[in-house]
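# What the coordinates show
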Amino acid sequence: MNYWQYQIKTEPRYLEILLAFLGELPFDTFEETESGFNAYLPAKEDMVAIEAQLLEIQEKFPFEYEKVEIAYRNWNVEWEANFQPVKVDKFCGIRADFHPTMPDLKYEIIINPKMAFGTGHHDTTYMMIQAMRSLGFKGAKVLDYGTGTGILAILASKMGASIIDAVDIEREAYDNTLENSQINNVDNIQVYHGTLDNILDNGYDIVLANINRNIILDSLAVLAEKIKRNGVLLISGILKEDAPIMETFADDFRFTVDERYYRGDWACLKLLK
């Protein structure tokens, strides 16, 4: 089957929220690029209807796109050729199931992503893993908000978390998290397809939120209610330049900044309630 490749160009701050919106459309593959991401639409889909919806999304979030018809390719073979293992210091390694093991690391996670986000390659995921190293997960109750491939939830389980809830708005992410949990022999992650409204529980020791600035800002009030006193909110998906804004809003909801991480153009904040 042929595909239409939509070459999405946008600012980094809109990257993940656009991915969330396009994930609700019939695109079945995404790959990150230097200027945004490519979204692949099977040629059988109604392109006119899809582009009408893209126009509606453009009215909310600025982006440009070009489309190119792509002849059939073996996407799995191509992905395997391009996906390389990731090492976060000596702490954690991320690989696909066709890569050799990495025995010199404390934790090893096998991720077979159905999309290009959440593999550990992106600076935000890398920093979240770095920051998780200093958190006390043993026996903890954890929420992974915007779980993607499930990589952070899986790491939390391997670090000793007892209860883990994971939620994502994308159906593909929900399915991928279930699959990756099974691959890693993790059985204590409850996965939800939906939004924060689908998480009815409270009393979390740690909340992991690697999403984007706007979604985190909109969710701070609810997250503050869900986290225990002295609990941790670890956030990323925010640009360095937006970190002061996040800190100001976090203070309004009784969070204090404990640690800051920076990598490339991105920031990660460890907040204490």
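Okay, so let's go over this structure. (Residues numbered from 1 in each chain as written. Predicted model: local features only at pLDDT ≥ 70, side-chain atom pairs only at ≥ 80, totals over all residues. Heavy atoms only, no water.)

### Let's talk about the overall build of the protein chain
Quick note on the threshold: Helix numbering and strand numbering both begin at the N terminus, where a helix is a DSSP run of H or I of at least 4 residues and a strand a DSSP run of E of at least 2. Values of the radius of gyration come from C-alpha atoms, whereas the globule rule sets the reference at 2.2 Å times the count of residues to the power 0.38. To sort residues, take the accessible area from a 1.4 Å probe on protein chains only and compare it with the maximum for the residue type: under 20% means buried, over 50% means exposed, and anything in between is partly exposed. Contact criterion: two residues are considered in contact whenever any of their non-hydrogen atoms come within 4.5 Å of each other.
Of the regular secondary structure elements, the protein chain holds 8 helices and 14 strands. Relative to the globule expectation of 19 Å for 273 residues, the C-alpha radius of gyration of the protein chain, 18 Å, shows essentially globular dimensions. Expressed along its principal axes, the backbone C-alpha trace of the protein chain runs to roughly 50 × 45 × 35 Å. Taking all 273 residues of the protein chain together, 51% fall into the buried category. If you take every contact in the protein chain between residues at least 6 apart in sequence, the share linking residues at least 24 apart comes to 66%.

### Side note on the packing of helix α7 (residues 213-226) against helix α8 (residues 243-252)
This is how it is decided: Here an axis means a line fitted to C-alpha atoms, over the contact stretch when the element is a helix, while the angle between two N-to-C directions is reported on a 0 to 180 degree scale. Roughly parallel refers to an angle under 35 degrees, roughly antiparallel to one over 145, roughly perpendicular to one between 65 and 115, and oblique to any angle outside these ranges. Three classes are used: nonpolar for Ala, Val, Leu, Ile, Met, Phe, Trp, Tyr, Cys and Pro, charged for Asp, Glu, Lys and Arg, and polar for all others, with Gly counted as polar.
One way to put it is that α7 packs onto α8 with a least axis distance of 10 Å and a crossing angle of 10°. Between α7 and α8, the interaxial angle falls into the category roughly parallel. Here Arg213, Ile216, Leu217 and Leu220 of α7 come into contact with α8, specifically with Ile245, Met246, Phe249 and Ala250. For the contact of α7 with α8, the class distribution of residues is 7 nonpolar, no polar and 1 charged.

### Describing the side chain of Asp165
Put simply, the test is: For the charge count, each Lys or Arg is scored as positive and each Asp or Glu as negative, with His and the chain ends excluded. Any Lys or Arg side-chain nitrogen found within 4 Å of a carboxyl oxygen on Asp or Glu counts as a salt bridge.
Position of Asp165 relative to the elements: it lies in strand β9 (residues 163-168). We note that Asp165 is buried and unpaired, the nearest opposite charge coming from Lys141 at a distance of 5.9 Å. Sequence-distant contacts of Asp165, defined by excluding residues within four places in its chain, comprise Val142, Leu143, Asp144, Gln190, Tyr192, Asp201 and Tyr204.

### Thoughts on the pattern of salt bridges
Counting across every chain of the model gives 15 salt bridges. One salt bridge in this structure joins Arg133 and Asp89, with 3.1 Å as the shortest N-O distance. One end of the pair, Arg133, is in the loop between α4 (123-132) and β8 (141-145); the other, Asp89, is in the loop between β5 (86-88) and β6 (92-95), with 44 residues separating them in the sequence. Among the residues examined, Arg133 registers a relative accessible area of 41% and is labelled partly exposed. Each of Glu11, Arg13 and Glu241 takes part in salt bridges that share partners, so that together they form one network.

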